[in-house]
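# Coordinates in review
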Amino acid sequence: ETGVTQSPTHLIKTRGQQVTLRCSSQSGHNTVSWYQQALGQGPQFIFQYYREEENGRGNFPPRFSGLQFPNYSSELNVNALELDDSALYLCASSLPRLGNDNEQFFGPGTRLTVL
Amino acid sequence: DAKTTQPTSMDCAEGRAANLPCNHSTISGNEYVYWYRQIHSQGPQYIIHGLKNNETNEMASLIITEDRKSSTLILPHATLRDTAVYYCIVRVRYGGSQGNLIFGKGTKLSVKP
């Protein structure tokens, strides 16, 4: 059983550019959540995908968008990058059991630096 | 989701028990208490969760007070590798868009030799 993987590990972009981050969920997990973690802060929820549909969104502007594919892998896209978008982007997968709780399994993250 | 309050930092001697407190006085009846930790430069790692009964697994024990307004995570024999930021989170049982985690700043636990 493979864990959650993310690519790339590190990325440097300039203001105004667009970026795509990728996540492969743990085997069998159909739900992927994305978080942004600024330096010294806890992770902040961006959005969640369940069976290829957005299933909830945090307080992030529309230039943050995502996709989930039939194999449950996912992408996070950020348009018109701003300096404040510099952060660690974390992907987490889970297998929700209706009517029950679940835990999320996090990947190692992608460190994005916007210059 | 209810908010949690944790101390900013704590120290613990290697080999001793680490007791990390968390206040969640506004927790609702259907909200669970979850603990995650984040070792430097890694993604958060699930530790344990509970609703109202005490829980134990291979990593830690979770003690929840009878009124559920606070809890304590116990690492029975802390090692240097337990140095991390520990997050206490309360969340609803899975309910579609409400099934996300809300992280605070957590407690920075430093285990010292």
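As a starting point, this report considers the structure included with it. Bear in mind the structure is a predicted one, so any value in this text is a computation, not a measurement.

## Describing the overall build of chain B
When you go through chain B residue by residue, the secondary structure sums to zero helices and nine strands. Taken against the 2.2 N^0.38 rule, which gives 13 Å for 113 residues, the C-alpha radius of gyration of chain B at 13 Å falls within 12% of a compact globule. Each of the 113 residues in chain B was classed as buried or not, and the buried ones make up 48%. Sequence-distant contacts, at least 24 apart, represent 58% of the contacts inside chain B between residues at least 6 apart. Counting only carbon and sulfur atoms, one obtains 48% of the accessible surface of chain B, whose full area is about 5700 Å². If the 12 positive side-chain charges of chain B are averaged to one point and the 9 negative ones to another, these points end up 4 Å apart.

## Thoughts on the overall build of chain A
On a plain count of helices and strands, chain A comes out with zero helices and eleven strands. Here chain A holds 115 residues, and 51% of them are scored as buried. Sequence separation of 24 or more characterises 53% of the internal contacts of chain A that already satisfy a separation of 6 or more. Carbon and sulfur atoms make up 49% of the accessible area of chain A, which amounts to about 5500 Å² in all. Once the 8 positive and 10 negative side-chain charges of chain A are each reduced to a mean point, those two points are 6 Å apart.

## Points about the sheet that holds strand β8 (residues 74–78) of chain A
Residue and element names in this part refer to chain A. Within the open sheet, the four strands sit side by side as β1-β3-β8-β7. Their pairing is antiparallel. What marks the edges here is a single partner per strand, and that holds for β1 (5–7) and β7 (64–68). In this sheet, neighbouring strand axes are inclined to one another by 20° on average, regardless of whether the strands run parallel or antiparallel. In the sheet, strand β3 (residues 19–24) pairs with β8 via five bridges, with the strands oriented antiparallel.

## Some details on the pairing of strand β11 (residues 110–114) of chain A
All names here are of chain A. A one-sided burial pattern is seen for β11, the buried positions being T110, L112 and V114 and the unburied ones R111 and T113. Sheet analysis places strand β2 (residues 10–13) next to β11, joined by four bridges and oriented parallel. Looking at the pairing, I12 lines up with T113 of β11. Relative to β11, strand β9 (residues 87–94) runs antiparallel, the two being bridged by three bridges. Bridging across to β11, Y89 finds its partner in T110.

## A word on the environment of B:R16
Residues and elements named next belong to chain B. For R16, the position within the fold is in the loop between β1 (9–13) and β2 (18–23). Using a relative accessible area of 57% as the deciding quantity, one classes R16 as exposed. For the pair R16 and V111, spaced 95 residues apart in the sequence, the C-alpha separation amounts to 9.2 Å. Once you skip the residues sitting within four places of it in the chain, R16 turns out to touch L75, P76, H77 and A78.

## Regarding the sheet that holds strand β8 (residues 84–92) of chain B
All names here are of chain B. Strands sit in the order β1-β9-β8-β3-β4 across an open sheet of five strands; the sheet is mixed. Strands with a single pairing partner mark the edges of an open sheet, and in this sheet they are β1 and β4 (45–50). Across the sheet, the axes of successive neighbouring strands diverge by a mean angle of 25°, strand direction being ignored. Across five bridges, strand β3 (residues 31–38) lies against β4 in antiparallel orientation. Its bridge partner being in β4, Y34 is matched across the sheet by H49.

## Details of the state of the cysteines
The full count for this structure, using the stated rule, is two disulfides over all chains. Put simply, A:C23 and A:C91 are joined by a disulfide, and their sulfur atoms are 1.7 Å apart. Since a negative S-S torsion denotes a left-handed disulfide, the A:C23-A:C91 link at about -55° is left-handed. Of this pair, A:C23 sits in strand β3 while A:C91 is found in strand β9, placing the two residues 68 residues apart along the sequence. For the residue pair A:C23 and A:C91, the accessibility class agrees, reading buried in each case. One disulfide bridge connects B:C22 with B:C88, the sulfur atoms lying 2.1 Å from each other. When the S-S torsion is -80°, as for the bridge of B:C22 with B:C88, the disulfide is left-handed. Of the two residues, B:C22 sits in strand β2 while B:C88 sits in strand β8, which places them 66 residues apart along the sequence.

What counts and what doesn't
- Residues numbered from 1 in each chain as written.
- Chains lettered and ligands numbered in written order.
- Predicted model: local features only at pLDDT ≥ 70, side-chain atom pairs only at ≥ 80, totals over all residues.
- Heavy atoms only, no water.
- Helix = DSSP H or I, 4+ residues; strand = E, 2+ residues; numbered from the N terminus.
- Rg over C-alpha atoms; globule rule 2.2 N^0.38 Å.
- Buried < 20%, exposed > 50% of the residue type's maximum accessible area, 1.4 Å probe, protein only.
- Contact = heavy atoms within 4.5 Å.
- Areas by Shrake-Rupley, 256 points an atom, 1.4 Å probe, with all protein chains shown as cover.
- Lys, Arg positive; Asp, Glu negative; His and termini not counted.
- Charge placed at Lys NZ, Arg CZ, Asp CG, Glu CD.
- Pairing = 2+ DSSP bridges.
- Axes fitted to C-alpha atoms, helices over the stretch in contact; angles between N-to-C directions.
- Disulfide = S-S within 2.5 Å.

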